[in-house]
Amino acid sequence: MTTDLVLLCCFSLCAGFIDAIVGGGGLIQTPAILFTFPQYPVATLLGTTKIPSFSGTSMAAWQYAKRVQFDRPLLLVTAVTAFFAALCGSSLVAYLPNHFLKPVMLVLLIAVAIYTYLKKDFGQQTHQPAGPARNTWAWGIVIGGVLGFYDGFFGPGTGSFLILAFISLMGFDFLHASAHAKVVNLSTNVASITYFASHGHILWPVTILMAVSNLTGSFFGARLAILKGNSLVRRFFLLVVCGTILRFAYELWK
């Protein structure tokens, strides 16, 4: 049991590091806990990963907030929408199978990886949010609603999808997109924790140890991303998207 917890904390530390840079930490953390504690319900294991994700995302958001200028009105609209959408998604996870989402996500991720690889300047442009505030907020509601629900219901890859949305729909660069994605992801984590905790779907001793590890990894990941800027974040983005593709493909054809 002790060895399992140590390994799980190591995975959680790596998840926090990667998630702080470009999202996708759930690709490491979620499979690790599912493999370590197969005797527990999936809803309980998913609920247990939410507090580590929250702690790591909080650290990353704080680090970014000190060095990146946020569009606060846009964040408020997107985060509030994402919160309620994630609450709805989490409330369904114990009742509905999520395997039908995987083929759709696999196709989308392959398209994202190809597009990002071929378009060398994607997310590298000068940060220039486009369009009037009203239109930007409308996109924020769409992004918050769709990806908030997805994160509450399934989760892995949400951070990467948020970054993609902020870049392609809002005109953000990778660094600003990653910073804004962390705050939105923070709201979805709070929503999921609210639901899972109120229904007894959290293993508290396990989640606290994972949270400390995730927090540590997130601290170093965010500082590295801020130090190295857009080029590093772009490379990590491609790596995480490719990792997500392999993970989904494995789940579909195993």
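Residues numbered from 1 in each chain as written. Predicted model: local features only at pLDDT ≥ 70, side-chain atom pairs only at ≥ 80, totals over all residues. Heavy atoms only, no water.

**Brief notes about the side chain of Ser213**
Point 1. Structurally, Ser213 is set in helix α9 (residues 204–228).
Point 2. Given the relative accessible area of 12%, Ser213 is considered buried.
Point 3. Reaching out from Ser213, the side chain makes a polar contact with the backbone oxygen of Cys9 at a distance of 3.5 Å. (Helix = DSSP H or I, 4+ residues; strand = E, 2+ residues; numbered from the N terminus. Buried < 20%, exposed > 50% of the residue type's maximum accessible area, 1.4 Å probe, protein only. Polar contact = N/O pair within 3.5 Å; in protein donor to acceptor, adjacent residues only side chain to side chain.)

**Considerations on the pattern of salt bridges**
Point 1. Within this structure, the stated rule accounts for 1 salt bridge.
Point 2. The residue Asp151 makes a salt bridge to Lys50 at a minimum N-O spacing of 4.0 Å. Of this pair, Asp151 sits in helix α6 (residues 133–153) while Lys50 sits in helix α3 (residues 42–65), and the two are 101 residues apart along the sequence. Side by side, Asp151 and Lys50 carry an identical accessibility label, which is buried. (Salt bridge = Lys/Arg side-chain N within 4 Å of Asp/Glu carboxyl O.)

**Brief notes about the packing of aromatic side chains**
Point 1. Scanning all chains against the criterion turns up 7 aromatic pairs.
Point 2. Between the aromatic rings of Phe83 and Phe84, the centroid separation amounts to 5.2 Å while the plane-to-plane angle is 85 degrees, which identifies the pairing as edge-to-face.
Point 3. Taking the centre distance of 5.9 Å and the plane angle of 20 degrees together, the rings of Phe149 and Phe153 count as stacked. Of the two residues, Phe149 and Phe153 are both situated in helix α6; the distance of 4 residues between them amounts to about one turn of the helix.
Point 4. Take Phe149: its relative accessible area is 33%, and that puts it in the partly exposed class.
Point 5. Assessed through its relative accessible area of 3%, Phe153 is described here as buried.
Point 6. Lys66 extends its terminal NZ or CZ atom over the ring of Trp62, reaching a point 4.0 Å from the ring centre. (Phe/Tyr/Trp six-rings, centres within 6.5 Å; stacked < 30°, edge-to-face > 60°. Lys NZ or Arg CZ within 6 Å of the ring centre and 35° of its normal.)

**Section: the side chain of Asp173**
Point 1. With respect to the helices and strands, Asp173 occurs in the loop between α7 (158–170) and α8 (174–198).
Point 2. Look at Asp173: it is buried, it has no salt bridge, and the nearest opposite charge is Lys182 at 12 Å.
Point 3. At 2.8 Å, the side chain of Asp173 and the backbone nitrogen of His176 are in polar contact. (Lys, Arg positive; Asp, Glu negative; His and termini not counted.)

**Some points on a nonpolar patch on the surface**
Point 1. A surface patch of nonpolar side chains, amounting to about 350 Å² of accessible area, comprises Trp139, Val142, Val146 and Leu169.
Point 2. Ranked by residues supplied to the nonpolar patch, first place goes to α6 with 3 residues.
Point 3. Inspection of the secondary structure assignment puts Val146 in helix α6. (Patch = residues over 30% accessible without salt bridge, like charges linked within 9 Å, V, L, I, M, F, W, Y side chains within 5 Å. Areas by Shrake-Rupley, 256 points an atom, 1.4 Å probe, with all protein chains shown as cover.)

**Side note on the environment of Thr207**
Point 1. Note that Thr207 resides in helix α9.
Point 2. Its relative accessible area of 0% is what places Thr207 among the buried residues.
Point 3. Between the C-alpha atoms of Thr207 and Cys9, which are 198 residues apart in sequence, the distance is 9.5 Å.
Point 4. Once you skip the residues sitting within four places of it in the chain, Thr207 turns out to touch Thr48, Ile51, Pro52 and Ile202. (Contact = heavy atoms within 4.5 Å.)

**Details of the packing of helix α4 (residues 72–93) against α8**
Point 1. Put simply, α4 and α8 touch, their axes get as near as 8 Å, and they point 35 degrees apart. Along this stretch, α4 crosses α8, giving a crossing that reads as right-handed. Here Leu75, Thr78, Ala79, Ala82, Phe83, Ala86, Leu87, Ser90, Ser91 and Val93 of α4 come into contact with α8, specifically with His180, Val183, Val184, Ser187, Thr188, Val190, Ala191, Ser192, Thr194, Tyr195 and Phe196.
Point 2. Among the residues making up the contact of α4 with α8, the classes are represented as 13 nonpolar, 8 polar and no charged. (Axes fitted to C-alpha atoms, helices over the stretch in contact; angles between N-to-C directions. Left-handed = near helix turned anticlockwise from the far one by under 90°. Nonpolar A, V, L, I, M, F, W, Y, C, P; charged D, E, K, R; others polar.)

**A few points about the environment of Ile51**
Point 1. Position of Ile51 among the secondary structure elements: in helix α3.
Point 2. The exposure class of Ile51 is buried, given its relative accessible area of 16%.
Point 3. For the pair Ile51 and Ser192, spaced 141 residues apart in the sequence, the C-alpha separation amounts to 9.1 Å.
Point 4. In contact with Ile51, other than residues within four places in its own chain, are Ile193, Ile202, Trp204, Thr207 and Ala211.

**Some remarks on the confidence of the model for the protein**
A low pLDDT score tells you not to read the predicted coordinates there in detail.
Point 1. Looking at the protein, the pLDDT average stands at 82 and 82% of residues meet or exceed 70.
Point 2. Looking over the protein, one finds the lowest element-wise mean pLDDT in helix α5 (residues 101–118), namely 66, and the highest in α4, namely 93. (pLDDT = per-residue confidence, 0-100.)

**A short note on the packing of α7 against α8**
Point 1. Closest axis-to-axis distance for the α7/α8 pair is 8 Å, and the angle between their directions is 130 degrees. With respect to their mutual orientation, α7 and α8 come out oblique. In the crossing of α7 with α8, the sense of the turn from one axis to the other is right-handed. Residues Thr158, Gly159, Leu162, Ile163, Phe166 and Ile167 of α7 touch α8, and the partners they reach there are Phe174, Ala177, Ser178, His180, Ala181, Val184 and Asn185.
Point 2. Residues of the contact of α7 with α8, tallied by class, amount to 8 nonpolar, 5 polar and no charged. (Parallel < 35°, antiparallel > 145°, perpendicular 65-115°, else oblique.)

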